[in-house]
Amino acid sequence: MIKRTGARGRAALAGGLGVALLLAGCGADATSGGSGDTADASDLKIDCAPYKEFGDLKGKTVSVYTSIVDPEDKPQIDSYVPFEKCTGIDVKYEGSREFEAQLVVRVKSGNAPDIAFIPQPGLLANLVKTGAVVAAPKQVEANVDKYWDESWKTYGTVDGTFYAAPLGANAKSFVWYSPKAFKDAGYEVPKTWDEMLELTDKIAKSGAKPWCAGIGSGDATGWPATDWLEDVMLRTAGPDVYDQWIAHKIPFNDPRVAQALDKVGEILKNPKYVNGGLGDVKSIASTEFGDAGLPILEGTCWMHRQASFYQANWPKGTKVAEDGDVFAFPLPAMEDGAAPVLGGGEFTAAFNDEPATQAFQTYLSSADWANAKAKVSGPGWVSANTGLDVKNLASPIDQLAAKMFQDPGAVFRFDGSDLMPGEIGAGAEWKELTNWIASGKSTQQVLDDVEKAWPKA
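A brief structural summary. (Residues numbered from 1 in each chain as written. Predicted model: local features only at pLDDT ≥ 70, side-chain atom pairs only at ≥ 80, totals over all residues. Heavy atoms only, no water.)

## Some remarks on unusual backbone geometry
Then comes step 1: Cis rather than trans, the peptide bond between Asp70 and Pro71 has omega equal to 5°.
Then comes step 2: Note on placement: Pro71 falls in the loop between strand E1 (61–66) and helix H2 (73–79).
Then comes step 3: Residue Asn275 follows Val274 across a cis peptide bond; omega there is 5°.
Then comes step 4: If you trace the backbone, Asn275 turns up in the loop between helix H12 (255–268) and helix H13 (283–286).
Then comes step 5: Here Asp159, not a glycine, exhibits a phi torsion of approximately 50°, which is positive.
Then comes step 6: Structurally, Asp159 can be placed in the loop between strand E4 (157–158) and strand E5 (161–162).
Then comes step 7: If you check the backbone angles, His248 has positive phi at about 60° while not being a glycine.
Then comes step 8: You can see His248 is positioned in the loop between helix H11 (239–246) and H12.
Then comes step 9: Residue His248 is classed as partly exposed on the basis of its relative accessible area, which comes to 26%. (Helix = DSSP H or I, 4+ residues; strand = E, 2+ residues; numbered from the N terminus. Buried < 20%, exposed > 50% of the residue type's maximum accessible area, 1.4 Å probe, protein only.)

Below you can see the structure in the form of structure tokens.
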């Protein structure tokens, strides 16, 4: 899935990486488990009944505009085949690497697509302000109420009106490790934050470096540090305070944010813990995030916190499985209960209320589409739709991510830097967290300087 691309300075390398780059070198033997081979689109079958209420749709066309481009567009296009068969609608797909900037241009010039897949709630809100986005029909809202955690609906809602259903998703709250190395050393996967720190100390006392990390990403250097902060903020301050922080109802330099960043620093700024196989603490700032976890394969580091999409960065032939060369465990909670899940995703916004457009919106919000998409997709795609059968997903990491999304006890929150103003989430925060690592700038000074950069209302 495409994440953090476009107008906010999040090009292919920014904050989560475009799929085209992510899947480079990720061949069939890079993962194990799951459904393996993808299904033939012509074999997909869905229930056609939900689309009859939209009337005779044969010969109609629906245009879709998105940042998901070749070759990752093929599973998207294939997943529409059963809907096209049911309705007679021809779905016209257009992907663009300049999606976010061009979508705004097209909307303002009166040339909006029928549907767009929008990866940031902030962009959705800006487009709603133009008056071009139409509210989602009742059928879409019913699907979202049935199949998604309510927080997802919130991110598709602007000023109390529901506009856009969630589509794909990614889970960030993972720690990568080597099951083989853990087994050989007699280590167990930690279930709590304290257990994770105890394991960290045990590995450090053995003379090894327990953690490896990298926040380098060209012009977007620093974004992986924002994910660390957000994940820990959810665990130390809780989701309500997290929401207040994202909305700037509390300042960026609130003491609870400082507490969370210091908690991150207990790992990332401890020279006994990092940066295995890569250098010292400062090397985290210059290490490219795509390379940061690779020392796990060499045995020079043991753990690497990074999202589910990192599975595509392992070299071809790496077995990604619970008994494989690498796997991941959920970043533990700091209190009893399911660990919070940090992530992101896309939302389907419509620019007209034509029956064909609404029918296609309804399909994309259904469990039928989620399962069809899973069957034709390779590793690296997942949805938070609870109607998704996890067995249809192509890799065990995707299956684990889906189970985390579907856990009724888990709290999900969207990537905070994607919700903040671009000057912060793709600007001052990246810069200052990089300074925090590279120059040893204090936690308080970093947070104070980000707060100073927050745009005035």
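## Quick word on helix H19 (residues 422–438)
Then comes step 1: Its 17 residues place the ends of H19 23 Å apart at the C-alpha level, agreeing with the 24 Å of an ideal helix rising 1.5 Å per residue.
Then comes step 2: The largest bend along H19 reaches roughly 35° and is located at Ala428.
Then comes step 3: When H19 is considered as a whole, its buried residues turn out to be Ile424, Gly425, Ala426, Ala428, Glu429, Trp430, Glu432, Leu433, Thr434, Trp436 and Ile437.
Then comes step 4: Remark: Gly440 follows H19 within two positions and exhibits a positive phi of approximately 75°. (Expected span 1.5 Å × (residues − 1). Bend = angle between axes of the 7 residues up to and from the residue.)

## A word on helix H5 (residues 121–129)
Then comes step 1: Burial in H5 covers these residues: Pro121, Leu123, Leu124, Leu127 and Val128. Looking down the long axis of H5, one finds its buried residues gathered within 155° of arc, a one-sided arrangement.
Then comes step 2: Just past H5, the residue Gly131 takes up positive phi, approximately 85°. (Arc of directions from axis to C-beta.)

## Topic: the state of the cysteines
Then comes step 1: Applying the stated criterion across every chain yields a total of two disulfides.
Then comes step 2: What pairs with Cys48 in a disulfide is Cys86, and their sulfur atoms sit 1.9 Å apart. Residues Cys48 and Cys86 are joined by a disulfide whose S-S torsion is about -60°; by sign, that bridge is left-handed. With Cys48 in the loop between helix H1 (19–22) and E1 and Cys86 in helix H3 (residues 81–87), this pair connects stretches of sequence that are 38 residues apart.
Then comes step 3: Residue classification places Cys86 among the partly exposed residues on the basis of a relative accessible area of 24%. (Disulfide = S-S within 2.5 Å.)

## Structural notes on the environment of Leu261
Then comes step 1: Mapped onto the elements of the fold, Leu261 is located in helix H12.
Then comes step 2: In this structure, the C-alpha to C-alpha distance between Leu261 and Glu230, residues 31 residues apart in sequence, is 9.0 Å.
Then comes step 3: The residues touching Leu261, leaving out its near neighbours within four places in the chain, are Leu229, Leu433, Trp436, Thr443, Val446 and Leu447. (Contact = heavy atoms within 4.5 Å.)

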